[in-house]
Amino acid sequence: MTGLSTILIVVGLFLAGGVYSFSKQQLPKGVIVLMAVASLMCLVAGVLRIQGIWE
């Protein structure tokens, strides 16, 4: 299912952009960490689905 993998990677990159934007605006660290973790989880899940390790 490459469609779901693509969506996960796009969402992960979108959240990574949010992390960058939030850090530039100096929002609370908790929000930045939460978005960074969510971004990382989406990116890893998308890559693992492409690799066929996690189905």
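Residues numbered from 1 in each chain as written. Predicted model: local features only at pLDDT ≥ 70, side-chain atom pairs only at ≥ 80, totals over all residues. Heavy atoms only, no water.

**Digging into a nonpolar patch on the surface**
Taken together, the side chains of Leu4, Ile7 and Val11 define a hydrophobic patch exposed on the protein surface, amounting to about 240 Å² of accessible area. Positionally, isoleucine 7 belongs in helix α1 (residues 2-25). (Patch = residues over 30% accessible without salt bridge, like charges linked within 9 Å, V, L, I, M, F, W, Y side chains within 5 Å. Areas by Shrake-Rupley, 256 points an atom, 1.4 Å probe, with all protein chains shown as cover. Salt bridge = Lys/Arg side-chain N within 4 Å of Asp/Glu carboxyl O. Helix = DSSP H or I, 4+ residues; strand = E, 2+ residues; numbered from the N terminus.)

**Thoughts on the environment of glycine 17**
Considering the arrangement of structural elements, one finds glycine 17 in helix α1. The spatial distance from the C-alpha of glycine 17 to the C-alpha of methionine 35 is 9.6 Å, given a sequence separation of 18 residues.

**Focus on the nonpolar core**
By size, the foremost hydrophobic cluster in this structure holds five residues: Leu15, Val19, Ile32, Met35 and Cys42. Listing elements by their share of this core, those giving two or more residues are α1 and α2 (29-51). Sorting elements by how many residues they give to this core places α2 first, with three residues. Beyond its immediate stretch of four places on either side in the chain, leucine 15 contacts Met35, Ala38, Ser39 and Cys42. (Core = buried A, V, L, I, M, F, W, Y, C linked by side-chain atoms within 4.5 Å. Buried < 20%, exposed > 50% of the residue type's maximum accessible area, 1.4 Å probe, protein only. Contact = heavy atoms within 4.5 Å.)

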